[in-house]
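Residue-level structural notes
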Amino acid sequence: MSNTSQDFSGPLGLIKKWGTKWSLWPVHLVTACCGVELAHAYASGYDGERLGSLNYGISRQTNLIIVEGAISRKMARVLKITYEQMPDPKFVIVMGACGLKGGLFWNGYHMVRPSDVVPVDFFIPGCPPTPESLLRAIRELQEKIMKGESRNTIEFERCDISAEGRSCRALAPSSPKYLAPTPSIAVDVPKEVEWEFGAKLVEELRSELDGLYDQITITGKNRIAIRTCRRRISAIASKLCSKFDHVKNVNVIDLPHENSFIVEYQVSSYSVRDLMPVVVNIFARIPRDNPRFPSLRSFWESADYMEREMHEFFGVWFEGNPAMGERFLLAPDTPDYPLRKDRKVVEERYVEG
Ligand code: SF4
């Protein structure tokens, strides 16, 4: 397969260009929230199909990748493989601030600029960019194809996308001027809200969980927080798991200033109608230098993968979860516990080489 401007030369060049211009078929590769704007651009309101552009499911029959926002290091491999599978001529549009420079994940351990992985024809700034701007990029790409200036005349240097081999040209940010010595993380600040059902529910919980909690508070409409300790949290889970039948989130909050982590389970109900809108946050502090916590997967199955995720990100060891110590979501060469606040970003990555 050739990847040069000569693809469009010769007597049939004009017809080839015209055909390509009106047959830009983007492969389905939704990488982030910009994908919603892409869907919008191709839905009935903007009707991207009228430009001859139609999303398609199989990379070998497509000729355009629209990178929809953030590309993580793990996803970078997928982007690369997808690109390699597509036949020439092929094009790339990158949409969203995340795809340009990392956007709101800038300086994150996991971000890769798509332009480090594949050659890019157009960047669309914005967070997210509008459907109009995506359609504009497609029109511009069509013009470029007709003028014979399309990306396949660009020299692309293959690069290593591993952590060590990343080519980064941006300068490092200045370090923060001020770091609050003890940032206050409030997960159980009571709120005065008119919620009669909540007040009754809190009373019920207090009597049902007697001796197992430190504090139960209403933190907002439909929101209840239960503060406890790691020793008692399994007993609370065993009492609540029949009504609150699933875990929505398992979170870890890193408090390096206080040498502790807060581990929280947000649970709710699919089976009790009145409890469906209610989210109960059960949380406990654990020492950061001995981050062990009982796994609650035997009470809530959905806690399993979230515990694995938190283990990988923060190094909390969920006792009883058999996947501890394994890699699950992170790319194999990602450093350990990348979301710990004291993990240093390697500055050299941001200095012109
Ligand atoms: S640019 Fe904004 S909308 Fe797009 S992926 Fe990033 S955060 Fe999401």
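Scroll up to find the structure this text is about.
Residues numbered from 1 in each chain as written. Predicted model: local features only at pLDDT ≥ 70, side-chain atom pairs only at ≥ 80, totals over all residues. Heavy atoms only, no water.

**Points about the sheet that holds strand β9 (residues 279-287)**
Working definition: the strands of a sheet are paired by backbone hydrogen bonds and lie parallel or antiparallel to each other. Formally: Pairing between two strands is assigned when DSSP locates at least 2 bridges connecting them. The helix and strand labels rest on DSSP assignments: H or I over at least four residues marks a helix, E over at least two residues marks a strand, and numbering proceeds from the N terminus. In this analysis an axis means a line fitted to C-alpha atoms, helices contributing only their contacting stretch, and an angle means the value between N-to-C directions, from 0 to 180 degrees. In this description, contact between two residues means that some pair of their heavy atoms is separated by no more than 4.5 Å.
Taken in spatial order, the 5 strands line up as β5-β6-β9-β8-β7 in an open sheet, and their pairing is mixed. If you trace the sheet from one side to the other, it starts and ends with β5 (215-220) and β7 (246-255), each paired once. Neighbour-to-neighbour, the strand axes of the sheet open up by a mean angle of 25°, direction not taken into account. Docked against the sheet, helix α8 (residues 303-314) engages β7 and β8 (260-268), running at close to 15° with respect to β7.

**Topic: the site of the ligand**
Applied cut-off: We call a residue near a molecule or strand when any one of its heavy atoms sits within 4 Å of it. Here the term charged refers only to Asp, Glu, Lys and Arg, the term nonpolar to Ala, Val, Leu, Ile, Met, Phe, Trp, Tyr, Cys and Pro, and the term polar to all other amino acids, Gly among them.
Every residue near the ligand is listed here: A32, C33, C34, G69, A70, G96, A97, C98, L104, G126, C127 and P128. In terms of residue class, the shell around the ligand is built from 9 nonpolar, 3 polar and no charged.

**Considerations on the packing of aromatic side chains**
Formally: Note on ring pairs: Phe, Tyr and Trp rings are taken, using the six-membered ring of Trp, and paired if centres are within 6.5 Å. Classes follow the plane angle, with under 30 degrees stacked, over 60 edge-to-face and the rest tilted. Per-residue accessibility, obtained with a 1.4 Å probe over protein chains only, is compared with the maximum for each type, and a residue is labelled buried under 20%, exposed over 50%, and partly exposed between these values.
Applying the stated criterion to the full structure yields 4 aromatic pairs. With a centroid separation of 6.2 Å and an interplanar angle of 75°, the aromatic rings of F261 and F314 are classed as edge-to-face. Taken as a pair, F261 in strand β8 and F314 in helix α8 lie far apart in primary sequence, 53 residues in all. F314 shares its class with F261; the two are buried. Ring centres of F293 and F318 lie 6.1 Å apart, and the angle between their planes is 75°; this geometry places the pair in the edge-to-face category. Note that F293 is positioned in strand β10 (residues 292-294) and F318 in strand β11 (residues 317-319), a separation of 25 residues in sequence.

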